[in-house]
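Residues per chain are reported as follows:
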Amino acid sequence: MRKSSTSLDFNNFEKAYKHKTIAELVNALLVLRVCRVRKIVSNARYLVTLSYKILGETITNWILRKTFYKHFCGGIDEAEVKLTMNRLKKVNIGTVLDYAAEAEVEERHTVPGGGDVSQDKVSARIYRYEDEKNCDVNAEIALRAVTSSAQHESDGFAALKITALTKPELLEHMSLVIKETKALFSSLVSSKETEESKEKTLTLAEFSKSLKQLKFQISQEQINTIFKKINTSKTGAIKYDEWISYLEPTTLSMGVLSNFRNTPSLDEVSIGRVKNMFNRLEMIISCAQRNKVKLLIDAEQSYIQPAIDHLTLSLQRKYNKETPLIYTTIQGYLKNSHENCKTSLNLAKREGWVFACKLVRGAYLVHERARCQQFCYDCPVFSSVEETHKNYNDIALLLLSEYPRCKFMIASHNEDSALLICREMDKRNISKAEGGICFGQLLGMSDHITYNLSQAGYKAYKYVPYGPVKEVLPYLIRRAEENSGLLDSTTKEMSFIRKELYRRFRFW
Ligand SMILES: Cc1cc2nc3c(=O)[nH]c(=O)nc-3n(C[C@H](O)[C@H](O)[C@H](O)COP(=O)(O)OP(=O)(O)OC[C@H]3O[C@@H](n4cnc5c(N)ncnc54)[C@H](O)[C@@H]3O)c2cc1C
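Here's what I pulled together on the structure shown here. (Residues numbered from 1 in each chain as written. Predicted model: local features only at pLDDT ≥ 70, side-chain atom pairs only at ≥ 80, totals over all residues. Heavy atoms only, no water.)

Close contacts around the ligand come from 30 residues, with Gly-362, Thr-388, Ser-412, His-413 and Asn-414 the closest. Contacts to the ligand include Ala-299, whose backbone N or O atom sits 2.9 Å from a nitrogen atom. Separating an oxygen atom of the ligand from a side-chain N or O atom of Gln-331 is a distance of 3.0 Å. For the ligand, the accessible surface in isolation is 920 Å², of which the surrounding protein chains cover 86%. At the level of secondary structure, the elements contributing two or more residues to the shell around the ligand comprise strand E8 (326-331), strand E9 (355-360), helix H15 (365-375), helix H16 (385-402) and strand E11 (437-442). (Near = heavy atom within 4 Å. Polar contact = N/O pair within 3.5 Å; in protein donor to acceptor, adjacent residues only side chain to side chain. Areas by Shrake-Rupley, 256 points an atom, 1.4 Å probe, with all protein chains shown as cover. Helix = DSSP H or I, 4+ residues; strand = E, 2+ residues; numbered from the N terminus.)

Structural data, given as structure tokens:
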């Protein structure tokens, strides 16, 4: 039996399902069973379209609502979502509201930067940019999620994808600029001998010498002024995180230092779009701040993630002064995630704000690999699942070692990672109920983890997707695909549900 020193036991199916009706359990079993039939899952889109044609939209949507939708989604409108939230609240499970409506997912998707990459098995949503108006609509939806969350929870979360608020190609462009800025730092410190360039620092003399060696046309007076602006810690040596923070979040300007770039600067239209994105974000954040709802900024594909990280960091510095309002997301499958996490923790420590994050493994594995093959570059994702697991747990322990100065959510369906953190929390006498360290799973997945965590006193949340049935279809199909791939955990869940049904019928 898997037990921690507390009464936590993920195999306790009786506790896990005690709040579910027989009808809900039978439906869960049916849905998970269907997810195991590969032919149905891989042809799901076609089957739904066929059903729309033969049975009509009303009947098809009704069937979906009573089965898959009921299992994986919170409701079509606010009233229904409130019922789901209340049901979870009764068993001390919090809600992360996540509007799941999205454009129809196509079999092939155009990747920013050109080329087509199959979206098959991408287990997260990908927004398609239509226009700025559409981004405004998405921002309105996020605002409503924030206010709904506030009405129902004192300690609620709302999830947000940056690609809902702007053009992904713009984020890719910004990411290239950020990468080049990082590379320039490596070039500036390259004459020094310490191992990691991120650990290195630049004194004024070294900065001046390196800039001249790299043939920057810049006077000593200008160098002195820039050095002062960058070295905010006033230690006399520029650190990596100070360097990257010098990149202005909206325009990505570094003044005269911007001349080093190969990537062209953002044009007027793009700067306008970046400003729009910031305005939308600021609007959502001020609503979240008023309503005391924390915002989880989702992580997306690695080629747009540097831009998302950069702007999330700038928001954390501004809004997480006392309490953690903005949560960034760390993807443990990325090779550089541990190092990036350390850099952010150091920056937060030095500047005195609260670093907060959601730790996930990463949902774009197939997409990332296909793209690397297509454009011939080193894959940023670990090459084995074991490396991802190790890195995920190492980051979790790093975050734990910085607690309570940082807050985080273990967002995973992996029992070992959840147990590791629970045990460490017990060892270090960290309050379970305070919620600074919490756990998150998707609605309809790994209930044996969420419900057992909450009943053992840990703060557990469900990501609750919602929206009209037809618009949520791509989300439902992805969940079916994910469950058909997760053979071990789905088999385990099904066996627990069967045992619980058997236990109930035995007492009849
Ligand atoms: C509450 C919540 C929020 C989430 N938010 C995000 C988000 O913002 N961004 C995001 O990208 N994902 C997000 N996810 C999805 C998450 O990243 C995973 O895809 C999913 O949860 C499965 O990982 P796991 O830890 O639950 O389970 P596990 O089954 O233990 O691990 C599966 C994961 O391991 C990794 N993996 C599998 N095979 C390999 C391999 N061969 N090599 C390297 N790595 C491998 C992949 O990341 C895969 O998803 C979220 C998940 C949850 C529960």
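Let us look at helix H7 (residues 132-152). Taking 1.5 Å per residue as the helical rise, H7 with its 21 residues ought to reach 30 Å, and the 31 Å between its terminal C-alpha atoms agrees with that figure. Turning to H7, its buried residues number three or more, namely Glu-132, Cys-135, Asn-138, Ala-139, Ile-141, Ala-142, Leu-143, Ala-145, Val-146, Ser-148, Ser-149 and His-152. Looking at the buried positions of H7, the neighbouring elements they touch are helix H6 (78-90), strand E1 (93-99), strand E4 (157-160), helix H12 (268-291), strand E7 (294-297) and strand E12 (460-466). If you check the start of H7, you find a side-chain oxygen 3.2 Å away from the backbone N of Lys-133, and it comes from Asp-131. (Expected span 1.5 Å × (residues − 1). Buried < 20%, exposed > 50% of the residue type's maximum accessible area, 1.4 Å probe, protein only. Contact = heavy atoms within 4.5 Å.)

What follows concerns the pattern of salt bridges. Under the counting rule described, the total for this entry stands at 26 salt bridges. Connected through shared salt-bridge partners, Glu-14, Glu-500, Arg-503 and Arg-504 make up one network. (Salt bridge = Lys/Arg side-chain N within 4 Å of Asp/Glu carboxyl O.)

Let's shift gears to the packing of aromatic side chains. Scanning the model with the defined rule gives nine aromatic pairs in all. When the ring of Phe-13 is compared with that of Phe-496, the centres are 6.2 Å apart and the planes differ by 25°; the resulting orientation is stacked. You can see Phe-13 sitting in helix H1 (residues 13-17) and its partner Phe-496 sitting in helix H20 (residues 487-506), a full 483 residues away along the chain. For Phe-496, a relative accessible area of 5% translates into the label buried. Ring plane angle 75° and centroid distance 6.5 Å describe the contact between Phe-207 and Trp-243, whose orientation is recorded as edge-to-face. On the criterion of sequence distance, the pair formed by Phe-207 in helix H9 (residues 204-213) and Trp-243 in helix H11 (residues 240-245) is long-range, its members being 36 residues apart. In terms of burial, Phe-207 and Trp-243 fall into one category: buried. (Phe/Tyr/Trp six-rings, centres within 6.5 Å; stacked < 30°, edge-to-face > 60°.)

At their nearest, the axes of helix H2 (residues 22-35) and helix H5 (residues 57-72) sit 9 Å apart, and the two run at 95° to each other. One finds that H2 runs roughly perpendicular with respect to H5. Between H2, through Asn-27, Ala-28, Leu-30, Val-31, Leu-32, Val-34 and Cys-35, and H5, the contact on the second element is made entirely by Lys-66, Thr-67, Phe-68, Lys-70, His-71 and Phe-72. Partitioned by chemical class, the residues of the contact of H2 with H5 number eight nonpolar, three polar and two charged. (Axes fitted to C-alpha atoms, helices over the stretch in contact; angles between N-to-C directions. Parallel < 35°, antiparallel > 145°, perpendicular 65-115°, else oblique. Nonpolar A, V, L, I, M, F, W, Y, C, P; charged D, E, K, R; others polar.)

Among the six residues in E11, six count as buried, and that is most of the element. Residue alternation in E11 divides its side chains into two sets, Ile-437, Phe-439 and Gln-441 and Cys-438, Gly-440 and Leu-442, and both sets are buried. Inspection of the sheet shows strand E10 (residues 406-411) paired to E11 by four bridges, in the parallel sense. From the neighbouring strand, Ile-410 faces E11, where its bridge partner is Phe-439. Taking the sense of rotation as the criterion, the β-α-β connection linking E10, helix H17 (residues 415-427) and E11 turns out right-handed. Alignment of E11 against E12, held across four bridges, turns out to be parallel. (Pairing = 2+ DSSP bridges. Right-handed = clockwise from strand over helix to strand, strands pointing away.)

Once that is clear, we can look at a nonpolar patch on the surface. Residues Val-37, Ile-40, Tyr-46, Leu-47, Leu-50, Ile-54, Leu-55, Ile-59, Trp-62 and Ile-63 make up a contiguous nonpolar surface patch of roughly 930 Å² in combined accessible area. Looking at the nonpolar patch, the elements with two or more residues in it are helix H4 (44-54) and H5. Considering each element in turn, the nonpolar patch owes the most residues, four residues, to H4. Tracing the chain through its elements places Ile-40 in helix H3 (residues 38-42). (Patch = residues over 30% accessible without salt bridge, like charges linked within 9 Å, V, L, I, M, F, W, Y side chains within 5 Å.)

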